[in-house]
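Chain residues, written in single-letter form:
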Amino acid sequence: MLDRPNPAPEAPCLDPFALAKALSGVHFIGGRYTPARSGRTFAVVNPATGGTVAEAADGDAADVEAAVAEAARAQKEWAKVPARKRGALVHKAAQLIREHVEELSRLVALETGKALRTESRVEANNVADIFEFFGGLGGEIKGETVPFAPEVLNITVREPLGVVGAIIPWNIPMMLMALKAAPALVAGNSIVVKSAEEAPLAVLRIVELMNRVLPAGVFNILSGQGPECGAPLVEHKLVKKVTFTGSVETGKIIYRAAAEKLIPVTLELGGKSPMIVFADCDFEKTVQGALTSMRFTRQGQSCTAASRIFVERPIYEKFVAEMAKRVDAMVMGDPLDEKTDIGTIISPGQFEKVQGFIEEGKATAGAEGRACSAMPADPALKKGLFIQPHIFTGLDKESRLVREEIFGPVTVVFPFDDAEAVLEAANDTEFGLAASVWTNNLKIALGFAHRIEAGLVQVNQNLVVQPNLSYGGVKASGLGKEASLESMLEHFTHKKTIMVNMA
């Protein structure tokens with residue numbers, strides 16, 4: 001196999017530009033860095049300045065073949081390691097991530113444009129937490145004793161699936177990789193990750209860190225384009241499970257490819273999450289909750305972003321005004337600056353898409369789009385992909401801004417008078433990922449929680465994904481669950497029945 005000495009420093013590196021350069025041009029396969037077989041690379045761009053900060057290895061089918069072969073070889077021995085010991089090794093590797101949290105925070109801020117203080121540092125800490133959580137669950141990979149007949153011992157055991165292929169997005173790349181890799185590894189599988197084209201660096205560093213503890217070949221990562229690298233990974237005959245987070249259309253393509261092999265998939269797809277606010281809510285808490293729910297500090301680039309907010313009419317005008325005021329107070333700027341609340345959109349393509357939605361909304365008769373916060377004044381950021389958060393009112397329910405996932409800092413606010421009508425409006429979408437209800441009336445809260453068509457419903461809060469809480473959508477938002485013991489057992493093992501006739 002082609003390889004080269006470890007290009008990255010052993011100790012944490014707090015200069016993200018230097019670390020990005022050191023990580024240029026390589027995958028991590030079979031316990032070592034290796035360039036693409038073709039020698040090709042593609043640029044990794046800092047969205048705050050437009051400057052190239054690294055070159056990523058441009059993987060193709062040959063790289064997939066090498067990575068899957070290494071993973072398949074390693075998995076046979078990894079499956080023989082007792083489950084609690086596998087968990088202990090994953091937990092030990094998580095301690096390395098803890099030691100490198102600040103390094104990873106700065107690196108992911110550089111490549112994604114997410115603000116260091118409000119987003120990137122939070123994500124890096126969550127990654128360590130996820131690996132620690134699943135590392136402690138090794139002892140829960142167990143079966144059952146099932147009554148059948150007095151002379152027959154009937155038991156079930158949980159066994160790993162084999163090689164797992166994981167394809168991750170760019171918005172929270174480290175955390176979403178952890179949610180896939182941690183349960184897969186503890187369950188006895190090996191894994192090959194295909195990183196997002198826009199954010200290949202921080203996840204590459206995490207894989208290298210964990211390989212200092214885990215057996216070589218158990219945890220591998222490739223960078224590359226979807227058709228040339230992602231598709232061969234999904235289609236490879238030795239890949240026995242695919243887990244994907246991304247768009248609905250790509251999810252359908254992956255689902256069809258997996259169906260040809262009759263292998264299981266986990267799909268976490270889009271969202272158009274409603275936030276329903278009743279007049280009896282704690283007003284201050286709820287307004288602040290709207291900023292959190294909309295993920296403005298992540299530029300709205302979140303599947304669970306509250307991009308449809310329904311507010312009971314008695315407090316509607318006050319709510320919109322106060323929400324706009326608070327977003328105005330948020331600082332847009334250099335993602336690596338501790339003073340920055342809001343960073344950038346990830347890429348020129350996504351920037352144009354979001355701007356198109358904003359322009360369409362502003363051109364709609366009767367609609368108002370309030371631009372909040374202020375563009376950065378620093379000339380060095382002039383080419384950065386900054387977009388002011390927008391709060392729209394007066395839009396029709398059939399508007400594209402209401403129906404489609406924007407994945408940007410844009411939300412639409414509606415007044416409502418009737419509880420049944422707002423519930424119908426909240427459910428009037430192809431998506432069903434998340435929702436939140438804000439009220440001090442427990443009867444209303446629980447009633448809505450049961451009737452909203454979403455995989456995750458929160459009352460008087462809208463937290464991001466948390467380990468130990470089952471997470472996943474319904475309808476077009478996906479298949480399967482993540483982040484819990486249930487997800488590890490149901491999606492990364494299969495159950496085998498063993499019968500012993502003792503007569």
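Treat the numbers as computed from the prediction; the structure is a model and nothing was measured.

### Structural notes on the pattern of salt bridges
One pass over the structure, following the stated rule, counts 32 salt bridges. Between Asp 63 and Arg 37 there is a salt bridge whose closest N-O contact spans 3.7 Å. Of this pair, Asp 63 sits in helix H2 (residues 61–78) while Arg 37 sits in the loop between strand E2 (32–34) and strand E3 (41–45), placing them 26 residues apart in sequence. For Glu 322, the salt bridge identified is with Arg 326, shortest N-O distance 2.9 Å.

### Topic: the UniProt feature "domain: Aldehyde dehydrogenase" (unreviewed entry) in the chain
UniProt's entry tags residues 35–498 with the feature "domain: Aldehyde dehydrogenase" (unreviewed entry), counted in the numbering of this structure. Across residues 35–498, helical content stands at 41% and strand content at 19%; the span's end C-alpha atoms are separated by 45 Å.

### Comments concerning the layout of surface pockets
A volume near 1100 Å³ is recorded for the largest pocket. Secondary-structure elements contributing two or more residues to the lining of the largest pocket are helix H6 (173–186), helix H8 (226–235), strand E9 (239–245), helix H9 (248–261) and helix H12 (348–362). Considering each element in turn, the lining of the largest pocket owes the most residues, seven residues, to H9. Among the residues forming the lining of the largest pocket, the class breakdown is 25 nonpolar, 12 polar and 13 charged. Here the lining of the largest pocket spans two domains, since at least three of its residues come from each of domain 1 (16–269 + 477–497) and domain 2 (274–459). Of the pockets and cavities examined, the second largest pocket occupies roughly 300 Å³. Lining the second largest pocket we find 17 residues, and of these Thr 118, Glu 119, Thr 292, Arg 295 and Thr 297 sit closest to its centre. Residue contributions to the lining of the second largest pocket peak at five residues, all from helix H5 (residues 116–135). Within the lining of the second largest pocket, the residues separate by chemical class into seven nonpolar, five polar and five charged.

### Quick notes on the nonpolar core
Ranked by internal contacts, the top residues of the largest apolar core, which has 81 residues, are Phe 131, Met 174, Met 177, Leu 185, Ile 191, Met 210 and Phe 219. No fewer than three residues from each of domain 1 (16–269 + 477–497) and domain 2 (274–459) sit in this core. Among residues more than four places away in sequence, those in contact with Ile 191 are Val 164, Ala 166, Lys 180, Ala 181, Ala 184, Leu 185, Val 218, Phe 219 and Asn 220. If you look at the next biggest cluster of nonpolar residues, it comprises 30 residues, including Ala 48, Ala 290, Met 330 and Ile 342.

### Observations concerning H5
The first and last C-alpha atoms of H5 sit 27 Å apart over 20 residues, in line with the 28 Å expected at 1.5 Å per residue. Of all 20 residues that make up H5, 15 are buried, and the element is covered over most of its length.

### A short note on a nonpolar patch on the surface
A contiguous nonpolar surface patch, about 320 Å² in accessible area, is contributed by Leu 153, Ile 498, Val 500 and Met 502. Since its relative accessible area comes to 36%, Leu 153 is described here as partly exposed.

### Describing the UniProt feature "active site" (unreviewed entry) in the chain
Look at the UniProt record and you will see "active site" (unreviewed entry) annotated at Glu 268. If near-sequence neighbours (up to four positions away) are discounted, Glu 268 is found in contact with Phe 244, Thr 245, Gly 246, Cys 303, Leu 433, Tyr 471, Ser 477 and Glu 482.

### What about the sheet that holds strand E13 (residues 368–371)?
One open sheet accounts for seven strands, arranged E13-E14-E15-E12-E11-E16-E17; its pairing is mixed. Both outer strands of the open sheet, E13 and strand E17 (456–459), are each paired with one neighbouring strand and no more. Neighbour-to-neighbour, the strand axes of the sheet open up by a mean angle of 20°, direction not taken into account. As judged from the three bridges shared by strand E11 (residues 274–277) and strand E16 (residues 434–438), these two strands associate in the parallel manner. Within E16, the position partnered with Ile 276 by the bridge is Val 437. Relative to strand E14 (residues 390–393), H12 is tilted by about 35°, and along the sheet it contacts E13, E14 and strand E15 (410–416). Along the sheet face, helix H14 (residues 419–427) touches E11, strand E12 (308–312) and E15 and points at about 175° away from the line of E12.

### Some words on empty space enclosed by the protein
Summed over all chains, the structure comprises three cavities of 30 Å³ or more. The space that makes up the largest cavity amounts to roughly 60 Å³. Contributing to the lining of the largest cavity are 14 residues, with Ser 302, Ala 305, Ser 307, Glu 405 and Phe 407 lying nearest its centre. Classifying every residue of the lining of the largest cavity gives six nonpolar, six polar and two charged.

### Here's the deal with the pairing of E16
Of all the five residues making up E16, five are buried; the element is thus mostly covered by neighbouring parts of the structure. Strand direction decides the pairing type here: E16 and E17, joined by four bridges, are parallel. Note that in E17 the partner of Val 437 across the bridge is Val 459.

### Comments concerning the domain arrangement of the chain
Domain parsing of the chain yields domain 1 (16–269 + 477–497) and domain 2 (274–459). Taken together, the contact pairs 27 residues of domain 1 with 30 residues of domain 2. The contact between domain 1 and domain 2 buries some 2300 Å² in all, and 56% of this surface belongs to carbon and sulfur atoms. Linking domain 1 to domain 2 there are three salt bridges. Applying the counting rule to domain 1 against domain 2 returns 13 residue pairs in polar contact (both at pLDDT 80 or more). Of all the secondary structure elements, the ones that give two or more residues to the side of domain 1 that touches domain 2 are helix H1 (16–22), helix H4 (101–112) and H5.

### Concerning the side chain of Lys 114
Here Lys 114 shows up in the loop between H4 and H5. Residue class for Lys 114 comes out buried when judged on its relative accessible area of 1%. Among the polar contacts listed, one links the side chain of Lys 114 to the backbone oxygen of Asn 171, at a separation of 3.0 Å. Leave out the neighbours within four places in its chain, and Lys 114 touches Ala 109, Glu 119, Ser 120, Glu 123, Asn 171, Ile 172, Arg 298, Gln 299 and Pro 335.

Calculation notes
- Residues numbered from 1 in each chain as written.
- Predicted model: local features only at pLDDT ≥ 70, side-chain atom pairs only at ≥ 80, totals over all residues.
- Heavy atoms only, no water.
- Salt bridge = Lys/Arg side-chain N within 4 Å of Asp/Glu carboxyl O.
- Helix = DSSP H or I, 4+ residues; strand = E, 2+ residues; numbered from the N terminus.
- UniProt positions renumbered as here; feature names shortened; annotations may be inferred.
- 1 Å grid on protein atoms, 1.4 Å probe; cavity = no way out; pocket = protein on both sides within 12 Å on 5 of 7 lines; lining within 4 Å.
- Points joined across faces, edges and corners; volume = space filled by probe spheres on them.
- Nonpolar A, V, L, I, M, F, W, Y, C, P; charged D, E, K, R; others polar.
- Domains from an automatic or database assignment.
- Core = buried A, V, L, I, M, F, W, Y, C linked by side-chain atoms within 4.5 Å.
- Buried < 20%, exposed > 50% of the residue type's maximum accessible area, 1.4 Å probe, protein only.
- Contact = heavy atoms within 4.5 Å.
- Expected span 1.5 Å × (residues − 1).
- Patch = residues over 30% accessible without salt bridge, like charges linked within 9 Å, V, L, I, M, F, W, Y side chains within 5 Å.
- Areas by Shrake-Rupley, 256 points an atom, 1.4 Å probe, with all protein chains shown as cover.
- Pairing = 2+ DSSP bridges.
- Axes fitted to C-alpha atoms, helices over the stretch in contact; angles between N-to-C directions.
- Buried area = accessible area lost by both parts, 1.4 Å probe.
- Polar contact = N/O pair within 3.5 Å; in protein donor to acceptor, adjacent residues only side chain to side chain.

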